[in-house]
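# Secondary and tertiary structure notes
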Amino acid sequence: MRVPKIFWNYFSFFSAAVVSVLLATMAVDFIENTSRVQIKKELLAGGVNWADVETIGLQVFLIGNAPDEASRFNAISLAGNVIDAERLIDQMNIVDNSNIKPPNLKLEISKNGKDVSVYGIVPENFNKVAFMNSLQRQRGSSGSVKEFIEFSSKKADQNWAKSIRFGLSVLEGVSLARLEITSSTIQGEVVAENLEQKNLLIKQWEDGIPKELKQKIKIKFPRPFITPFSFRATKGNNFFRLDACSADSKEAVSQILKEVAKLSGERGSKCEIGLGQPSDSWLDVVLSSLTALSEITEGSVTIINDEISFVVQKIDLELEFQTVIKELENALPDGYLLDAKLISSLEEKDDPGGTVVLTLSPEGLFQVNGKVRFETTRTTLTSLAEAKFGKDFVNNKLKIDASMPQDWSDLIMFGIESMSLLKNGFIEINNSAVSVSGESNEANIAVKIAQNFYGKLASNQPLKTKIGYVEPVKVVEPEGPTDEECLDGVDNLLAERKITFEPSSDRINLDGQQLLDEIADVLRDCEELSLEIAGHTDSQGREGMNLQLSQSRATAVLIELQRRKVLTTNYVAKGYGELQPIAENDTEDGREINRRIEFKLVPNNEVERDKSE
């Protein structure tokens, strides 16, 4: 069948229309894409990275938040260089920056055991590598360090580095801490292991903080677990002494010390607060015992958990003793056991066991004098003393007397145990009393001594204690080498060898790397050193290129030291080019000598100035 001619006419017309539409669409897409790409390139070349470009047909939309009116106009002008300005449609907003303040420089550091995290904003010249190396040393091999640090365009003032150094020193002394560091203030919280460490930290911070800084660091420490809860007080002619005290709350301590102050006439006594399980009536028992002690002339009261030992050595009338004991018994709650003794002067005359004296000198020399009944007893006591004080520090002068009706061998053993708790002391054991005096580095040590003898004394043997507290001697860490000694150590290494580089490069070769390993070993002990790493070249080549090469080589040495965990906070790398030769440049040997890296001490202010430059 033959197709009519009019069909081909319509088909040709339809095909031409379709092709025209396709070509027009492709042309529009091409124009849109070309315009968008070219305008975007023009904007980026002009420094406008905040604006975006969209196209619909021949219309071009500029979209974004301009920092100011001048930036918006600049974006329109740059786009106008690519297309006709009539095609541009401005949809840009201007951001109001008048109320936006630059962020403050601040670091926040959290330490949990060996895990450390740090985040904050630091100045542009902050030595982040050296700072992170310090944190890496603190966390050890098993911990981790996480950092979220951003740099500001601000430059640090002179106090910023001091704040960072002091903050790092605070972290070294504790396992748990949260610090906020600025250039003027360090604040936060740390956790001490005990009261002694808290006092030591306070002393260290007072001595170490720069005068320009303020520290507002709270020190917390967990309450110790006390077992058993104990209390001991002694009254004599014209004196009243609190030997040991423990309680489970600040309120209980306050009431106990208030009553002690009334009886002694002095303030400043101490009572330990701790965790444990004293009875609900602990405070009432202590106060009732103090009331009973105030009514006698001479004696002592010892409370260990629910047992009370009340020893009266002197009272006007025995009838009064019975009255005091009756009142104390009535005041005590159920469950407490009272052991009351009145020591008669008649009972003190006989002394079947003689007198034994134990002494401990401040130098640690222990000596015991007296008598025991058996040689085996003497040998056993000697072995115990040597175990406590060391074989070379024991002098046993006990004599054997088999005719003695009894000896104090058991009490001597408890005396040796008690003496080992003292820094120096004197213990006398006889029929009339056991007297313990001396000095200790541990507060409330009288309680432990009372526990040693508790239940071991005869009915007519009171325990008398007079022990002073002496703060432990602060262990002074050995000082590191001086700055001059550190520099001498480096110079000695450089006397026969030198840090060498690949020709015309700042890449350190294998020999130079090995020498840097040894230099780093010396510098790790010199954390506060202010050092300049100086690069020098010979006179071959242009002066400007030599200066640049010497600077690159000095910087390469600084980076390699940082990689070797050297604290380089106060280091600066500086290139001198060919300006400071130490030999003639006319010979190869002279030029080889002039190509060198030197280390020299510089004042802190020069380091800060060079870094800022």
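Description of the structure in this document.

Rules used in this analysis
All residue numbers refer to position in the chain's written sequence, counted from 1. Reporting in this predicted model follows two pLDDT cut-offs: at least 70 for local features of residues, and 80 or more for side-chain atom pairs to be given and counted; totals over whole chains, interfaces and linings ignore these cut-offs and use all residues. Hydrogens and waters are ignored; side-chain quantities use all the structure's heavy atoms. In what follows, salt bridge is the name for a side-chain nitrogen of Lys or Arg lying within 4 Å of a carboxyl oxygen of Asp or Glu. Pairs of cysteine sulfur atoms within 2.5 Å are identified as disulfides in what follows. Runs of H or I in DSSP of at least four residues are treated as helices and runs of E of at least two as strands, each being numbered from the N terminus. In this description, strands pair whenever DSSP reports at least two bridges between them. Here a crossover is taken to be right-handed if, once the strands point away from the viewer, the path from the first strand over the helix to the second is traced clockwise. Residues are treated as being in contact if the distance between any of their heavy atoms lies within 4.5 Å. Working convention: axes come from line fits to C-alpha atoms, limited for helices to the stretch in contact. Angles between N-to-C directions cover 0 to 180 degrees. Between the rings of Phe, Tyr and Trp (Trp by its six-membered ring), a pair exists once the centres lie within 6.5 Å; its type follows the angle of the planes, with under 30 degrees stacked, over 60 edge-to-face, and the other angles tilted. Per-residue accessibility, obtained with a 1.4 Å probe over protein chains only, is compared with the maximum for each type, and a residue is labelled buried under 20%, exposed over 50%, and partly exposed between these values.

## Details of the pattern of salt bridges
Considering all chains together, one arrives at 22 salt bridges under this definition. Residue D521 pairs with R524 through a salt bridge whose shortest N-O separation is 2.6 Å. Via salt bridges that share partners, K498, D538, E588, R591, E592 and R595 belong to a single interconnected network.

## Quick word on the state of the cysteines
The bond known as a disulfide is covalent and runs between the sulfur atoms of two cysteines. Enumeration according to the criterion identifies 2 disulfides in this entry. One disulfide bridge connects C245 with C271, the sulfur atoms lying 2.0 Å from each other. Taking the sign of the S-S torsion, about -65 degrees here, the bridge from C245 to C271 comes out left-handed. Of this pair, C245 sits in strand 11 (residues 239-247) while C271 is found in the loop between helix 6 (250-264) and strand 12 (272-273), placing the two residues 26 residues apart along the sequence.

## Some words on the pairing of strand 8 (residues 185-191)
Where strand 7 (residues 176-181) meets strand 8, 6 bridges bridge the pair, whose relative direction is antiparallel. Bridge assignment links R178 to a residue of strand 8, and that residue is E189. Relative to strand 9 (residues 214-220), strand 8 runs parallel, the two being bridged by 7 bridges. The residue bridging T185 from the neighbouring strand is K214, located in strand 9. Crossover connection from strand 8 via helix 5 (residues 195-208) to parallel strand 9: handedness right-handed.

## Examining the environment of Q187
Along the chain, Q187 falls in strand 8. The spatial distance from the C-alpha of Q187 to the C-alpha of Q215 is 5.7 Å, given a sequence separation of 28 residues. Once residues within four sequence positions are removed from consideration, Q187 is found in contact with R178, L179, E180, K216 and I217.

## Some details on the sheet that holds strand 7
The strand order across the open sheet built from 6 strands is 6-5-4-7-8-9, with neighbouring strands paired in mixed fashion. Two strands lie at the open edges of the sheet, namely strand 6 (145-151) and strand 9, each paired on one side alone. Strand-to-strand twist of the sheet, defined as the mean angle between neighbouring strand axes without regard to direction, takes the value 5 degrees. Along the sheet face, helix 4 (residues 158-172) touches strand 4 (106-112), strand 5 (115-122), strand 7, strand 8 and strand 9 and points at about 175 degrees away from the line of strand 7. Helix 5 contacts strand 8 and strand 9 of the sheet and is inclined by roughly 170 degrees relative to strand 9.

## Describing the packing of aromatic side chains
Enumeration over the complete set of coordinates arrives at 4 aromatic pairs. Geometrically, the ring pair formed by F229 and W282 is edge-to-face, given 5.9 Å between the ring centres and 75 degrees between the ring planes. Taken as a pair, F229 in the loop between strand 9 and strand 10 (230-236) and W282 in helix 7 (residues 282-294) lie far apart in primary sequence, 53 residues in all. With a relative accessible area of 2%, F229 lands in the buried category. Consider the rings of F366 and F389, whose centres lie 4.6 Å apart with planes at 10 degrees: the pair is stacked. Here F389 lies in helix 9 (residues 375-389) and F366 lies in strand 17 (residues 366-372), a separation of 23 residues in the sequence. This pair shows no difference in class: F366 is buried, exactly as F389 is. Following the ring pairs from residue to residue traces out a cluster consisting of F126, F131 and W160.

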